[in-house]
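Structure at a glance
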Amino acid sequence: MNRARALSLCMLFAFGACADHAPSWADFLANDMTHGTGTSSEGGAAETTGPASTSDEPSPATGDYEGTTDATGTSEAGSTAGNAEFVPPRILDVDVPAKVHLAGPVPVTVTTEGGASLVRATLDGAELEPFTDQGGGVWTGAAPCYGAVDNGAHVLEVTATRGPLAHVWPPVMFEVAAPAPGDLAWGRLGPSGSISRRIVATPEGDAIEVGAVLIDGALRPSIRKRRGEDGAEIWAEGTIVLDSREGAVDAVALTPSGEIWVAMNVRQADKKWRPRIVLLDAEGQETGVEMPTDAGSTVRGIASDDAGGCIAVGFGASGYGDTDIKVWRMTAEGVAVVSAKGWDHVPNGNELFKHSFDDLAFDVVIKDGVAWVAGASVGEHNGIWTESRGVLVPLDLETGARLDPVIVQEVSGGWRQGMYLGAAAHPDGVVVVGYGATGDGTSQRIELALYDASGARLWWVPEAAADVAYGTGVAVSAHGGVIAGGVVKVGGLLRGVVLGRKGLVYEHKFSSGPEASAVYGVAVDPWDQVFPVGELTTAGVQYARAALVRQ
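Let me sum up the structure you'll find in this document. The structure presented is a predicted model; accordingly, all values stated were derived computationally and were not measured. (Residues numbered from 1 in each chain as written. Predicted model: local features only at pLDDT ≥ 70, side-chain atom pairs only at ≥ 80, totals over all residues. Heavy atoms only, no water.)

**A closer look at the overall build of the protein chain**
Counting its regular elements, the protein chain contains three helices and 40 strands. Expressed as a percentage of its 551 residues, the buried residues of the protein chain come to 55%. When the accessible surface of the protein chain is totalled, it reaches about 22,000 Å², and 51% of it is carbon and sulfur. (Helix = DSSP H or I, 4+ residues; strand = E, 2+ residues; numbered from the N terminus. Buried < 20%, exposed > 50% of the residue type's maximum accessible area, 1.4 Å probe, protein only. Areas by Shrake-Rupley, 256 points an atom, 1.4 Å probe, with all protein chains shown as cover.)

**Considering the sheet that holds strand β40 (residues 541–549)**
What links the strands of a sheet is backbone hydrogen bonding, and the strands pair in either a parallel or an antiparallel sense. Spatially, the four strands line up as an open sheet ordered β13-β40-β39-β38, and their pairing is antiparallel. Two strands lie at the open edges of the sheet, namely β13 (184–192) and β38 (516–524), each paired on one side alone. When the angles between neighbouring strand axes are averaged without regard to direction, this sheet yields 20°. Examined bridge by bridge, β13 and β40 share six bridges and lie antiparallel to one another. Bridge assignment links Trp186 to a residue of β40, and that residue is Leu548. (Pairing = 2+ DSSP bridges. Axes fitted to C-alpha atoms, helices over the stretch in contact; angles between N-to-C directions.)

**Remarks on the nonpolar core**
Of all hydrophobic cores here, the largest spans 24 residues; its most connected members are Val94, Val110, Val119, Leu156 and Val158. Among the secondary structure elements, those contributing two or more residues to this core are β3 (90–96), β5 (104–113), β6 (118–123), β9 (138–145), β10 (152–162) and β12 (172–176). In contact with Leu156, other than residues within four places in its own chain, are Val94, Val108, Ala121, Thr122, Leu128, Pro171, Val172 and Phe174. Formed by 18 residues, the second largest nonpolar core is a distinct cluster that contains Ala437, Val468, Val487 and Leu494. (Core = buried A, V, L, I, M, F, W, Y, C linked by side-chain atoms within 4.5 Å. Contact = heavy atoms within 4.5 Å.)

**Considerations on the pattern of salt bridges**
A complete count under the given rule lists 23 salt bridges for this structure. Ionic pairing is found between Arg329 and Glu398, a salt bridge with its closest N-O pair at 2.9 Å. Highlighted residues: Arg329 in strand β24 (residues 323–330) and Glu398 in the loop between β28 (387–396) and β29 (407–408), separated in sequence by 69 residues. Classification of Glu398 by relative accessible area gives partly exposed; the value is 43%. For Lys354, the salt bridge goes to Glu351, with nearest N and O atoms at 3.8 Å. The class of Lys354 is partly exposed, set by a relative accessible area of 43%. (Salt bridge = Lys/Arg side-chain N within 4 Å of Asp/Glu carboxyl O.)

**Some points on the environment of Asp250**
Looking at the element boundaries, Asp250 is found in strand β18 (residues 247–254). The exposure class of Asp250 is buried, given its relative accessible area of 3%. Between the alpha carbons of Asp250 and Arg300 there is a distance of 5.5 Å; along the sequence they are 50 residues apart. At 2.9 Å, the side chain of Asp250 and the side chain of Asn265 are in polar contact. (Polar contact = N/O pair within 3.5 Å; in protein donor to acceptor, adjacent residues only side chain to side chain.)

**Focus on the packing of aromatic side chains**
Counted by the stated rule, this structure contains four aromatic pairs. Taken together, a centroid distance of 6.0 Å and an interplanar angle of 45° make the contact between Tyr146 and Trp527 tilted. On the criterion of sequence distance, the pair formed by Tyr146 in the loop between β9 and β10 and Trp527 in the loop between β38 and β39 (530–538) is long-range, its members being 381 residues apart. Seen in terms of ring centroids, Trp186 and Phe531 are 6.2 Å apart; in terms of plane orientation they differ by 45°. Their pairing is tilted. Highlighted residues: Trp186 in strand β13 and Phe531 in strand β39, separated in sequence by 345 residues. Its relative accessible area of 7% is what places Trp186 among the buried residues. One cation-aromatic arrangement involves Arg445 over Trp415; the distance from NZ or CZ to the ring centre is 4.0 Å. Of note, Arg545 hangs over the ring of Phe510, and the distance from its end group to the ring centre comes to 4.8 Å. (Phe/Tyr/Trp six-rings, centres within 6.5 Å; stacked < 30°, edge-to-face > 60°. Lys NZ or Arg CZ within 6 Å of the ring centre and 35° of its normal.)

**Some remarks on the pairing of strand β35 (residues 482–490)**
For β35, the buried fraction is high: seven of the nine residues fall into the buried class. Bridge analysis of strand β34 (residues 469–476) against β35 gives seven bridges, and the strand direction is antiparallel. Bridging from a neighbouring strand, Val476 pairs with Val482 of β35. Taken together, β34 and the strand that follows it, β35, pair antiparallel across an intervening segment of five residues, in which Gly480 is found at a positive phi of about 90°. Of the pairings in the sheet, the one linking β35 to strand β36 (residues 493–501) comprises nine bridges and is antiparallel in character. The partner of Ile483 across the bridge, within β36, is Gly500.

**Regarding the environment of Asp396**
Secondary-structure assignment places Asp396 in strand β28. Owing to a relative accessible area of 27%, Asp396 belongs among the partly exposed residues under this scheme. For the pair Asp396 and Gly369, spaced 27 residues apart in sequence, the C-alpha to C-alpha distance is 7.8 Å. Not counting residues within four places of it along the chain, the set of residues in contact with Asp396 comprises Ala401 and Leu403. A polar side-chain atom of Asp396 sits 3.0 Å from the main-chain amide nitrogen of Thr399.

**Considerations on the environment of Val519**
Structurally, Val519 is set in strand β38. The class for Val519 is buried, based on a relative accessible area of 0%. Taking the C-alpha atoms as reference points, Val519 and Ala484, 35 residues apart in sequence, are found 9.3 Å from one another. Once residues lying within four places of it in the same chain are set aside, the contact partners of Val519 are Thr472, Gly485, Gly486, Val487, Gly496, Val497, Val498, Phe510, Pro532, Val533 and Gly534.

Here it is in structure tokens:
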């Protein structure tokens, strides 16, 4: 297969929301943004009062308190001050719902007397965050519930301490009975003609959705915030248009302080496309911090570091006849470090291969201080045929300098082509999603893979083959499960899908009727519930769509 055909083929299937909208390779390089389709324990229950214990099991019941224990295990005869100082605490009540149906924090209220200095609890033996003193002997805390994965009975054990003395309440049982994984909680459409590209979840469980809205016949970059409970828009302005020029927001990332990095591409008056990398405040308004950029490159992914800076990635012309990955880096202080820094795939460091591959980046994730870039490289990977392969590229976070190893998607039988379009940090490394294709590109499948820092592939899942199939975004649950979004052609119609894998087993269809749809991004909230975004076409009209899928 020649190089031009390979490039055109992989782009045709990787980015079109439907076949009629799929861009040609020339359109893609020109960045034509118009494409896309309570219960309480009873008072008479056994209780324990005595020296604080480090055991995970409740101490044997001893009834009422009869003495005090010195912090060092010694006492002086005739001393009453020590006994007065170490009056033991007592737990009077522990209140927790008997049955829990939804993911989220399960409220726990503990009522004490005797001046407890600390109240803590374990859930099924695992230590929870210390409880908060509300005054008057009342302490509040929460037990985490991550949805259906926690279905069943659970044991909560509560201990109140004061100095070396502790009171252990008898174990309290509660049950989780959450909806089945893959169930739809809610779905919301955007304005007609709109599209959503990516989404990110806030620590409060809400969602920030980015993409574009149609105004005067052209798409304009947009952002909106949705309430996690029901998908209603939160900001008073509703959807905020970020630039009056044609374009779309293609990536979003949250800083630890709640500010929002967005990466968009806009069409200038001279018809050239220019990337914009902008920091917004928590309400979606510009802060005045923006990465300096030039026209000619496209930005497609962004990530925030622990300090609040960002690294963004995309692609653009190298000046040597090929396309290179491009990298932008700005610190939390607003200092631009590198802008459109190029990365060129040079297999095994052989200088003879410089600028012989077309390289593209679509997403970036930070893991252990390294920026991992998910993308594709088109060239003669086997020295004979021009093929597209997914790549996972490690870069120095601070400088954008190349690191090793560069990971290239493996060939599996006749499945010789592919791309990586999304990435997420995983406890064991970095997980990527994209697609694999046969050598002639006539059959495709969504592929998921997990790599460690050494480049070893720890896990790999190819989905069922179809005429068109590609994964676009990926997220990781608190238990290490993998959630992927993508598009599959079913019965001649493109359908958006959400897949739960690696310990999760479900498939959610983004549209249940005869409407064409696509999922372009996924995120999980703090309780592992899934936000997918993309588009839905009904009666010939395209709408952005966001949803909450139970897990």
